[in-house]
Amino acid sequence: MAKIVRLEPIAQESSIETNGNLLSVLLNKDLDVLKECGGRGMCATCHIFVKEGMDALTPINRREQRTLEVITSCKPNSRLACQSRVVGNGVVVELPPGMYINSLQDIEALIGRRADQDLLHPITGEVLVEQGKLITRSMLKQLENTTSFRVGEFYTHSKDV
């Protein structure tokens, strides 16, 4: 039997089959979700906040818990949409504000502009560029030299748990 999930702050509802994951709801609504790790629960790009109905979702598994511990914007009601399966009604979720980037080229194309929204690290959810800040070449150089931004290396060294 289908369950109803409400998405905030866009005030839209979507139906999902019992035991379907929340990532499919986000993708069906054409929301900007990168699913950088392919839905394996190893990145922050499908990080959501469960405003209501945490008990209507499957429990947090070990992989999800480990990933949530790395996400800098994590709260007690945080979940990864790819790992959260809907088993009951009454789920209300909210996407964190900002846009995840998956490569430095994403930022490079924006040099000289102000960020329309926070630009977020795809693994940690850390704010790389704050909303309204001017994106400069020197900012890009700083990010290039940051070992934590070697996303490709992170995935090749990560193992499925």
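It should be noted that the structure appears before, not after, this text.
Here's a quick rundown of the structure. (Residues numbered from 1 in each chain as written. Predicted model: local features only at pLDDT ≥ 70, side-chain atom pairs only at ≥ 80, totals over all residues. Heavy atoms only, no water.)

1. Topic: the overall build of the protein chain
And then number 1: A tally of regular secondary structure across the protein chain gives 5 helices and 8 strands.
And then number 2: Reading the protein chain from its N end, one meets helices and strands in the order β-β-α-β-α-β-β-β-α-β-β-α-α.
And then number 3: A total of 161 residues make up the protein chain; the buried ones form 43% of that total.
And then number 4: Pairs at least 24 apart in sequence give 60% of the contacts found in the protein chain among residues at least 6 apart. (Helix = DSSP H or I, 4+ residues; strand = E, 2+ residues; numbered from the N terminus. Buried < 20%, exposed > 50% of the residue type's maximum accessible area, 1.4 Å probe, protein only. Contact = heavy atoms within 4.5 Å.)

2. Description of the sheet that holds strand E5 (residues 91–94)
And then number 1: Within the open sheet, the 5 strands sit side by side as E2-E1-E5-E3-E4. Their pairing is mixed. In the strand order of this sheet, the two ends are held by strand E2 (12–17) and strand E4 (78–80), each with one partner. Averaged over all pairs of adjacent strands, the angle between strand axes in this sheet comes to 40°, irrespective of strand direction.
And then number 2: Where helix H2 (residues 62–70) meets the sheet, its contacts fall on strand E3 (47–52) and E4, and the angle it forms with E4 comes to roughly 125°. (Pairing = 2+ DSSP bridges. Axes fitted to C-alpha atoms, helices over the stretch in contact; angles between N-to-C directions.)

3. With respect to the sheet that holds strand E6 (residues 99–100)
And then number 1: Read across the open sheet, the 3 strands follow the order E6-E7-E8; overall the sheet is mixed. What marks the edges here is a single partner per strand, and that holds for E6 and strand E8 (127–129).
And then number 2: The pairing of E6 with strand E7 (residues 119–120) spans 2 bridges and is parallel. Following the sheet pairing, methionine 99 is matched in E7 by leucine 119.

4. Examining the pairing of E2
Every regular strand shows the same layout, with side chains that alternate between the two sheet faces.
And then number 1: Strand direction decides the pairing type here: strand E1 (residues 2–8) and E2, joined by 6 bridges, are antiparallel. Bridged to alanine 2 within E2 is glutamate 17.
And then number 2: Joining the antiparallel neighbours E1 and E2 is a turn of 3 residues, in which alanine 11 adopts a positive phi near 55°.

5. Points about the state of the cysteines
And then number 1: By the definition in use, this model includes 0 disulfides.
And then number 2: Distance from the sulfur of cysteine 43, which forms no disulfide, to the nearest cysteine sulfur (cysteine 37) is 3.8 Å.
And then number 3: Using a relative accessible area of 2% as the deciding quantity, one classes cysteine 43 as buried.
And then number 4: Free of any disulfide, cysteine 82 has its nearest neighbouring cysteine sulfur in cysteine 46, separated by 3.7 Å.
And then number 5: Take cysteine 82: its relative accessible area is 6%, and that puts it in the buried class. (Disulfide = S-S within 2.5 Å.)

By themselves, these are just geometric observations and shouldn't be taken as functional.
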